[in-house]
Amino acid sequence: MDLQLNGTERICVDGEVKLIPTPTKSPNDPMNWSTRRRYWHSFLVLVFVALTAATANDAGNAGNGMNAELGITWNQINTAAGVLFVGIGYTTLLLGPAPFLYGRRVSYLICLLFSIIGSIGLARTQYVGDNIWSQLFVGASESCAEALAQLSLSDLFFQHQRGLVLGLYILATSIGTFMGPMVSSFITNSPLGWRWVGWLAAIISGGLLFVFYFGLEETFFDRNNPIHGHDAPAGRTEGTSDDADKKDKPIASVQRTSSDGELDEECGREKGKTYFQRIALITPSPTLVGTGFKQYCRRLFHTLRVFTFPAVIYSGLQWGAQDAWLTFYLTVEADNWYGPPWNYTDAAVGIMNVPTLIGSVLGCIYGGWFSDFFVMWMAKRNNGIFEAEQRLWLLLPVAFIGPAGLMLFGIGSDKGWDWHLPYLGLGFIGFGWGCAGDLSMAYLMDAYPDMVLEGMVGVAVINNTIGCIFTFTAQSWLDAQTLAQVFIAIGVLSFCSIMTTVPMMYWGKKCRQMTRKKYEAFLLLRDGPSS
């Protein structure tokens with residue numbers, strides 16, 4: 001790889017695409033898996049993302065039942081929602097070291113257990129404390145979807161496919177976020193009642209735990225180990241290393257390391273792992289010492305350094321703002337659209353998530369597939385050099401579309417407009433949701449490609465802290481001003497938050513240059529023999 005700076009690479013050679021990271025010759029390299037295996041693994045990860053996003057957003061409709069049956073107030077329900085954000089963000093931080101020390105699989109299984117516990121807790125809620133504790137566990141269950149999912153997907157796809165992969169990730173998040181409340185509204189409006197929102201989530205989580213245990217393979221792979229050897233082709237037009245697309249390579253030729261530490265030309269043969277090795281509960285890191293407790297604590301403290309990287313702060317702000325606005329428009333749907341002039345039922349309010357989902361799908365296409373096409377076009381115009389900031393151009397239209405959607409929906413809800421314009425506003429909001437997270441996280445991964453997990457942990461902490469703050473304050477703000485005033489204000493805030501893209505485009509490369517030594521030191525400390 002012709003690496004000039006983290007986030008600055010020559011990715012086009014004579015019109016062909018260089019593969020980053022460089023594929024190895026190992027049959028255990030996830031980049032060498034067959035297309036079927038890679039897509040199956042990706043599908044499971046995306047199902048997990050969608051499920052946990054749904055369970056994190058479906059308790060709002062169950063709140064109507066809690067309020068009517070148990071007398072739990074909406075302020076208390078909002079407190080539980082704030083605790084949910086705390087559970088998401090800070091469990092993401094606490095579980096951060098696990099994928100590098102014990103493999104990816106065990107964290108997913110732990111989070112699915114959390115999902116079962118939290119969902120059963122919701123179904124059996126009797127008191128305020130029950131609801132709060134259930135939401136803490138539900139939030140913790142989504143932690144893997146905040147950082148580990150992106151790492152798992154980056155294990156399987158090359159850098160120039162990153163926008164598409166993150167687009168699918170945001171799409172899965174959107175499906176769960178917007179379809180979860182819709183499905184739960186139908187459940188609460190049915191003879192089953194609100195408790196079955198929790199029971200159904202527990203049943204699905206239990207089934208997925210079984211599928212994950214036997215069907216999700218480990219993708220941890222020590223790419224720097226010289227025993228694996230490397231393929232270093234000049235370029236390939238599409239980024240799959242799939243001689244293995246038709247079948248997995250059972251055995252690969254590799255270079256051996258001689259006693260003096262130099263690579264020799266003697267070819268060895270590395271065998272692929274067995275099925276039971278690939279689904280082991282724990283895949284220990286080659287650097288793991290004992291149980292790894294001290295290493296775990298050291299890595300956890302080390303992860304806090306990510307908050308000194310401007311790209312992490314920027315990406316966390318973009319994604320966190322979307323979570324903040326989510327609280328406002330979902331609250332207005334639940335509080336205002338049941339009354340005149342619309343007089344919606346639970347089911348009708350649930351269906352209001354459809355235009356938001358449609359907008360987010362379009363946003364994921366724009367911020368995902370199209371952004372990959374766009375940065376390749378930009379790189380070719382730049383003599384084959386890709387700069388991470390090139391992707392950020394696509395966020396500029398979003399600075400107008402997303403805020404316009406917030407204002408249309410808020411003013412329309414305040415003035416009692418016919419449904420057409422408020423629904424158009426929801427579509428615009430969904431488009432902003434799909435783009436902002438996708439493009440900002442892709443930028444972060446482009447800028448610091450070897451710090452994916454820790455970077456996403458930082459984003460999750462910032463994102464969910466912002467979401468928590470706005471969850472606790474949203475109702476007070478809505479009570480203090482008219483809907484039109486509130487949504488005009490958050491529309492302006494949304495515009496300002498997205499327009500921080502402009503200084504990032506201008507100074508982003510300078511920031512990467514300034515943090516290069518810090519980035520290299522971060523990786524050295526993380527991956528050193530005592531890490």
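Only a predicted model underlies this, so the values are computations on that prediction, with no experimental measurement involved.

About the cut-offs
Residues numbered from 1 in each chain as written. Predicted model: local features only at pLDDT ≥ 70, side-chain atom pairs only at ≥ 80, totals over all residues. Heavy atoms only, no water. Helix = DSSP H or I, 4+ residues; strand = E, 2+ residues; numbered from the N terminus. Buried < 20%, exposed > 50% of the residue type's maximum accessible area, 1.4 Å probe, protein only. Contact = heavy atoms within 4.5 Å. Areas by Shrake-Rupley, 256 points an atom, 1.4 Å probe, with all protein chains shown as cover. Salt bridge = Lys/Arg side-chain N within 4 Å of Asp/Glu carboxyl O. Axes fitted to C-alpha atoms, helices over the stretch in contact; angles between N-to-C directions. Parallel < 35°, antiparallel > 145°, perpendicular 65-115°, else oblique. Left-handed = near helix turned anticlockwise from the far one by under 90°. Nonpolar A, V, L, I, M, F, W, Y, C, P; charged D, E, K, R; others polar. Patch = residues over 30% accessible without salt bridge, like charges linked within 9 Å, V, L, I, M, F, W, Y side chains within 5 Å. Phe/Tyr/Trp six-rings, centres within 6.5 Å; stacked < 30°, edge-to-face > 60°.

## What about the overall build of the chain?
In terms of helices and strands, the chain carries 22 helices and 7 strands. Relative to its full complement of 531 residues, the chain shows a buried share of 57%. Sequence-distant contacts in the chain: of pairs separated by 6 or more residues, those separated by 24 or more amount to 83%. Here the chain has roughly 21600 Å² of accessible surface; of this, 66% comes from carbon and sulfur atoms.

## Quick look at the pattern of salt bridges
This model, assessed by the stated rule, comprises 12 salt bridges. Glu 387 serves as the salt-bridge partner of Lys 509, at 3.0 Å between the closest nitrogen and oxygen. Separated by 122 residues along the polypeptide, Lys 509 in helix H21 (residues 501–514) and Glu 387 in strand E7 (residues 385–387) bring together distant segments of the chain. Using a relative accessible area of 33% as the deciding quantity, one classes Lys 509 as partly exposed. Residue Glu 387 is classed as buried on the basis of its relative accessible area, which comes to 12%. In this structure, Glu 454 engages Arg 526 in a salt bridge whose closest nitrogen and oxygen atoms are separated by 3.2 Å. One end of the pair, Glu 454, is in helix H19 (residues 452–480); the other, Arg 526, is in helix H22 (residues 516–527), and 72 residues separate them in sequence. Under the relative-accessibility criterion, Glu 454 is labelled buried at 4%. Connected through shared salt-bridge partners, Glu 387, Glu 389, Lys 509 and Arg 512 make up one network.

## Observations concerning the packing of helix H9 (residues 162–188) against helix H13 (residues 310–336)
The geometry of H9 relative to H13 is characterised by a closest axis approach of 13 Å and an angle of 20° between their N-to-C directions. It follows from the interaxial angle that H9 and H13 lie roughly parallel. Seen from above, H9 lies across H13 with right-handed handedness. Counting all contacts with H9, which are made through Ile 170, Thr 173, Thr 177 and Phe 178, the residues of H13 involved are Trp 319, Leu 326 and Tyr 329. Residues belonging to the contact of H9 with H13 are distributed by class as follows: 5 nonpolar, 2 polar and no charged.

## Section: unusual backbone geometry
A cis amide bond links Pro 340 to the next residue, Pro 341, at an omega of 5°. Along the chain, the position of Pro 341 falls in the loop between H13 and helix H14 (346–351). Positive phi values are uncommon outside glycine, yet Asn 343 reaches one of about 55°. If you trace the backbone, Asn 343 turns up in the loop between H13 and H14. Non-glycine residue Asn 383 carries a positive phi angle of around 60°. Checked against the element boundaries, Asn 383 lands in the loop between helix H16 (369–381) and E7.

## With respect to a nonpolar patch on the surface
A cluster of nonpolar side chains, Trp 40, Phe 43, Phe 210, Val 211, Tyr 213, Phe 214, Tyr 275, Phe 276, Leu 281 and Ile 282, forms an exposed patch at the surface whose accessible area comes to about 1000 Å². Secondary-structure elements contributing two or more residues to the nonpolar patch are helix H1 (35–57), helix H10 (195–215) and helix H11 (275–278). For the nonpolar patch, the element with the most residues is H10, which contributes 4 residues.

## Overview of the packing of aromatic side chains
The full count for this structure, using the stated rule, is 34 aromatic pairs. Summarising the aromatic geometry, the rings of Trp 325 and Phe 470 are spaced 5.7 Å apart at their centres and angled 75° between planes, so their arrangement reads as edge-to-face. Of the two residues, Trp 325 sits in helix H13 while Phe 470 sits in helix H19, which places them 145 residues apart along the sequence. Grouping aromatic residues by their ring pairs yields a cluster made of Trp 337, Trp 342, Tyr 344, Phe 409, Trp 419, Tyr 423 and Phe 487.

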